[in-house]
Amino acid sequence: MIGGLFVYNHKGEVLISRVYRDDIGRNAVDAFRVNVIHARQQVRSPVTNIARTSFFHIKRANIWMAAVTKQNVNAAMVFEFMLKVIDVMQSYFGKISEENIKNNFVLIYELLDEILDFGYPQNTDTGVLKTFITQQGIKSQTKEEQAQITSQVTGQIGWRREGIKYRRNELFLDVLEYVNLLMSPQGQVLSAHVAGKVVMKSYLSGMPECKFGINDKIVMEAKGKGMTTEDPARSGKPVVVIDDCQFHQCVKLSKFETEHSISFIPPDGEFELMRYRTTKDISLPFRVIPLVREVGRTKMEVKVVLKSNFKQSLLGQKIEVKIPTPLNTSGVQLICLKGKAKYKASENAIVWKCVFACFPQMKQLLKVIKFSESSAWQD
Amino acid sequence: MTDSKYFTTTKKGEIFELKSELNNDKKEKKKEAVKKVIASMTVGKDVSALFPDVVNCMQTDNLELKKLVYLYLMNYAKSQPDMAIMAVNTFVKDCEDPNPLIRALAVRTMGCIRVDKITEYLCEPLRKCLKDEDPYVRKTAAVCVAKLYDINSSMVEDQGFLDQLKDLLSDSNPMVVANAVAALSEINESSSSGSPLVEMTPQTVNKLLTALNECTEWGQVFILDSLANYSPRDEREAQSTCERITPRLAHANAAVVLSAVKVLMKFMEMLPSDSEFVTSLTKKLAPPLVTLLSSEPEVQYVALRNINLIVQKRPDILKHEMKVFFVKYNDPIYVKLEKLDIMIRLASQANVAQVLSELKEYATEVDVDFVRKAVRAIGRCAIKVEQSAERCVSTLLDLIQTKVNYVVQEAIVVIKDIFRKYPNKYESIISTLCENLDTLDEPEARASMIWIIGEYAERIDNADELLESFLEGFADENSQVQLQLLTAIVKLFLKRPSDTQELVQQVLSLATQDSDNPDLRDRGFIYWRLLSTDPAAAKEVVLAEKPLISEETDLLEPTLLDELICHISSLASVYHKPPSAFVEGRAGIRKSLPASARAGSEGVESTESQAAPAVIPAQDSLIGDLLSMDIGGPTVAPVAAAPAAPFGSAAMDLLGGGLDTLLGETSSSPAPPSALAASSAALLGDIFGAPAASATYVAPKTTWLPAEKGKGLDISGSFVRRNGQLFMDLTFSNKAMQPMLGFAIQFNKNSFGITPASPLQVQSPLPPGVAADASLPLATTGPVQKMEPLTTLQVAVKNNVDVMYFACQIPMHALFVEDGQMDKRVFLATWKEIPAQNEVQYTITNVMHSADTVVSRMQQNNVFTIAKRNVEGQDMLYQSLKLTNGIWVLNELKIQPGNPNITLSLKSRTPNVAEGVFQAYDNILHG
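Reading guide: rules and limits
- Residues numbered from 1 in each chain as written.
- Chains lettered and ligands numbered in written order.
- Predicted model: local features only at pLDDT ≥ 70, side-chain atom pairs only at ≥ 80, totals over all residues.
- Heavy atoms only, no water.
- UniProt positions renumbered as here; feature names shortened; annotations may be inferred.
- Helix = DSSP H or I, 4+ residues; strand = E, 2+ residues; numbered from the N terminus.
- Expected span 1.5 Å × (residues − 1).
- Buried < 20%, exposed > 50% of the residue type's maximum accessible area, 1.4 Å probe, protein only.
- Polar contact = N/O pair within 3.5 Å; in protein donor to acceptor, adjacent residues only side chain to side chain.
- Pairing = 2+ DSSP bridges.
- Axes fitted to C-alpha atoms, helices over the stretch in contact; angles between N-to-C directions.
- Contact = heavy atoms within 4.5 Å.
- Buried area = accessible area lost by both parts, 1.4 Å probe.
- Salt bridge = Lys/Arg side-chain N within 4 Å of Asp/Glu carboxyl O.
- Nonpolar A, V, L, I, M, F, W, Y, C, P; charged D, E, K, R; others polar.

You'll find chain B entered in an unreviewed UniProt entry as AP complex subunit beta, with Cloeon dipterum given as the organism. Reading the Sequence similarities (unreviewed entry) entry of the UniProt record for chain B gives the comment "Belongs to the adaptor complexes large subunit family."

If you look chain A up in an unreviewed UniProt entry, it shows as MHD domain-containing protein from Cloeon dipterum. For the record of chain A, the UniProt heading Sequence similarities (unreviewed entry) holds the text "Belongs to the adaptor complexes medium subunit family."

Colleague: Help me get a handle on helix α20 (residues 368-384) of chain B, residues and values and all.
Modeller: Residues and elements named next belong to chain B. In this model α20 runs 24 Å from its N-terminal to its C-terminal C-alpha over 17 residues, within 8% of the 24 Å that 1.5 Å per residue would give. Counting buried residues in α20 gives twelve out of 17 residues, a clear majority hidden from the surface. Three or more residues of α20 are buried, namely F370, V371, R372, A374, V375, A377, I378, G379, R380, C381, A382 and I383. If you check the start of α20, you find a side-chain oxygen 3.1 Å away from the backbone N of D369, and it comes from D367.

Colleague: Tell me about the UniProt feature "domain: Beta-adaptin appendage C-terminal subdomain" (unreviewed entry) in chain B, and name the residues and values.
Modeller: Per the UniProt record, the feature "domain: Beta-adaptin appendage C-terminal subdomain" (unreviewed entry) sits at residues 816-926 of chain B. For the annotated span residues 816-926 of chain B, helix accounts for 30% and strand for 33% of the residues, and the straight-line distance between the end C-alpha atoms is 18 Å.

Colleague: Requested: an account of the sheet that holds strand β12 (residues 888-895) of chain B, with residues and values cited.
Modeller: Whether parallel or antiparallel, the strands of a sheet pair through hydrogen bonds between backbone atoms. Residue and element names in this part refer to chain B. Strand order across the open sheet formed by five strands is β9-β13-β12-β11-β10, with antiparallel pairing between neighbours. Of all strands in the sheet, those with a lone pairing partner are β9 (840-844) and β10 (864-871), marking the two edges. Strand after strand, the sheet turns through a mean of 20° between neighbouring axes, direction not considered. One ladder, built from seven bridges, connects β10 with strand β11 (residues 874-882); its direction is antiparallel. Across the sheet, residue R869 finds its bridge partner in β11, namely M876. Contacts between helix α40 (residues 851-860) and the sheet are confined to β10, β11, β12 and β13 (902-908), with β11 contributing the most and set at about 5° to the helix. In the packing of helix α41 (residues 914-926) onto the sheet, the strands contacted are β9, β11, β12 and β13, and the crossing angle to β9 comes to about 20°.

Colleague: A description of the interface of chain B and chain A should follow, citing residues and the corresponding values.
Modeller: Contacts between chain B and chain A engage 102 residues on the former and 89 residues on the latter. When the two sides are added together, the surface that chain B and chain A hide from each other amounts to roughly 8700 Å², 56% of it contributed by carbon and sulfur. At the surface where chain B touches chain A, the tally comes to twelve salt bridges. For E298(B), the salt bridge goes to R60(A), with nearest N and O atoms at 3.1 Å. Viewed at the interface, chain A and chain B are joined by 44 residue pairs in polar contact (both at pLDDT 80 or more). When residues in the side of chain B that touches chain A are grouped by element, the largest group, eight residues, is from helix α8 (residues 135-151) of chain B. Residues belonging to the side of chain B that touches chain A are distributed by class as follows: 54 nonpolar, 20 polar and 28 charged.

Below, the structure written as structure tokens:
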């Protein structure tokens, strides 16, 4: 299991160091700093083995977090846990930064003591943690309160406390979809899928049991037994085929498996109820047509055309196109017909922001960019 | 609210100041001070001096302060065991506290304090806490048992904690169950007896499956991981367990998904592979695995490493999902490399066109490693999918035209593999390859190119010139290239004997005489002997048909793969190594997949054929396989079986008569230079004759010049005698930051007139972090000056940095010359002649050799036995030896059977060599 958890700033100075197991020596902290942070190379693997000690590391913003172990741990669990720790910290004090971590180190130690015992992750739900670990220190609790806390930390419904009351019971649902598309230089779609998630904000009293129905037009492809090419469209209705979905831990998975209903007791506040993925019949909101021309050895011309593909009644807002450029780009010239474009050296990209107002369909925007690179760009 | 001020630094009297603050009466001040202490501790400062003061703050009802003090205790208790006892009372008291959070905190912290005396006090509170009414305390106590086991395993077993832990498996609270399972699994794995202390029964499994639906995500991981260690009794149980686990595949936590996949993959082995259940399960596994690829990059990496295993074990699962493994431009490099690997594994006739066009794109990327792998992948595609071979070859040719150095080199390496897979199909491109000869600077690429030239020597008009150009720098080449060059030239010679004889003689003498590499020497000798005895046989051996290479050579070895499948999601699956390879100490229990429950032959057969594809499993990369092919492949058999012709005549006849048959009437064989023939005969004698040359005692290399004294240059070395020539074998390691060059060596005057026979040949420049071996032949013709001790040699080594001086000892046995055998009568006369005061006696202790072994051992080191007598059960050996400077030493050895001590009497006209000779005896007999 996890033997220790370290947090460093970008210089490699230790901000947090918590050792859980005896097999992790004090020199482990330095070993990671010297071999990974100070190596200043691109990270070639998020798991590094130094002298029979394995370091799992994650870098977010300027902060390194490393979990260290000498055992054959569950690697997926370690990474999931580290991501969770980051989540927890964010929900306690906002952005992960050196300043914030230093400001809250006592709190972080307290949290680490609670959520990791002898290297075994315990309850990491922020909602519950906030009931008994606070920045203000512990308020004196009555006996009933204490019992309630402990039963919640360990209970079956670890993500919700009892006795929540709202004057108005409200529930909000957001469906967010990410379209992922891979296109060949010739404009041919190589692969496309939609990763969607259902985010719920619940302000409900008591312990409400909720049911979330999926439109019966949605078919889980994997559920079909036996048949490989089950054609969901044969009923004649338009259907959406979901390849796979995943649920928040509050959803009763066994019930979903048998009855196909999503039933759960929601945590209070905002959470991600489910994630899903589809690959069939994806209508792309945009078409991007890039034209790249190399003018001599040090100059390249890029022309990007963006076409909208959605209904007239819709409005495309906050559209951002990122065009990655070679590392040593210099002297970028931009000609932009719509919106604003800017070369951001720090991101190695040209960022083009625009709005598709209620223009008729297939409106084109055009832009021509020239930029030169220093001569030795492939060596 | 800004705690960051505690990190700000440090004045001199800080510890003292903290001490006074800790003893302050005001609570707030105290807390501030403890926070400062913890901050100092974090940045690595030693604040253990404050131990008593911090412990004094423990008695408080402020929970936050208490936690801080406990944190301090966990860090320093081990270094101050006596002081730590002071804390015991508070712990015991806290374990009785009405607040369950405090009870749990106390028992949790106590388990982390690894001080024996505290551990003793831990037992009672722990026992109580395991039965606490509050589940929070029980779940903490469960983990504490594992902590205690780590400190003192016998105490856990004696005190009955294991049974209590087992009882917790039936606890009403799912989190208690989960932690108990985690603790039990750890105890089982680390049990000293090697067998699990607590066996799982179907009842416990049932309970765990129930708890699975209710506990936290981490608890689910613990339970699934421990279920993976359970073997169901029969098919039915396996199937029903699988059914209950399948819903976990829809969990949002990747660890839960992967652990569920592990259990399913393992239990699926027990089910008949053609059953409907397995088919539908296989189908259900694909979507969650694909979904893992949209998680954070680090989790993706773990998932991809595991998918790599799953694809090898059950290729069906993801065979239609090729596209999801296409690389995204903003993937981190480690994700890109893994995706590429999986793409190749999934490549098939159906999707090869898509894969190839992707790979071609990748080959123009910027990351060198990634590009190389992409090029290599194109080659693997060609070998795996025959229909695509032509397209792959033309893609590779396109890439070679780019003239990007590493792309060209990589392409040549894979083209060689393609040639092997499809002989006589694509040789038309050889001319293009030859154009790029000069740009190759990596050993693997050079070796591959040389292989191609040798293999197709008859089609390349100037093959001899090309190979000759390589031969010029033979000594500087990597051994891989040397071996390949040797083989290629022999091939060339066998194909075109008329005009390449000189070349082959040159390479054979380079390989057998000027090289220190035993592999190279041996291969050289084998070829030489083959060519000289039976060229027809040589042809059969060297030009034998090669076995086709298969695309499966890069698969993991099946037993390893099966073991790794049992470790899915764990670190072992990320490294693709069994846990024993990176976990210290306890060997643990090797995991293996369960056998199919169907005893019937067909069931077994079907799973076996799946588990072990009919290929020679080789963990090495293709290239390793190819390069060792000439010697390690099937050709080995004929070599070993080659008729052992009486060696003497054959060796004398080197390249003589035997060649005639090769050359036919067209040319008469030129007689080889006699000197060469003679010395080679001697060499061959060493190799093929009974006493192997390698039996000469060689002292292990010792460090003569440590890097600290050598300005970053580290020299170690030893003296050896090879084939009548004294050598100084040196290893130069560059521990500095810059490359070193311009090496030279010089000796001071010494007792034996030793001086370098040729200039020092070291790899130059020697890059940082590299070690190079050099062998310096020595002559004994230099100026003589007596040293104290006699065998001291003072050496000066020069490089571009500085001149370094050091002294070393020459082991006397390296100075024993080959003609040290004295005639019997001369021996007797000399023995009598030398005055008795010149006789020195030593005892060599602990020698377990018989007289005969002693004789042969000493003989190998140029100490010759003149006579042997048996006197009253004792073996008396009379031996003579001669030193390089002509001093004779006469020895008498007394060996008593059963007595490990040998008495050695030495007589010499110069008695001061006696000590060195005795040392030599001692080393040789113990070496």
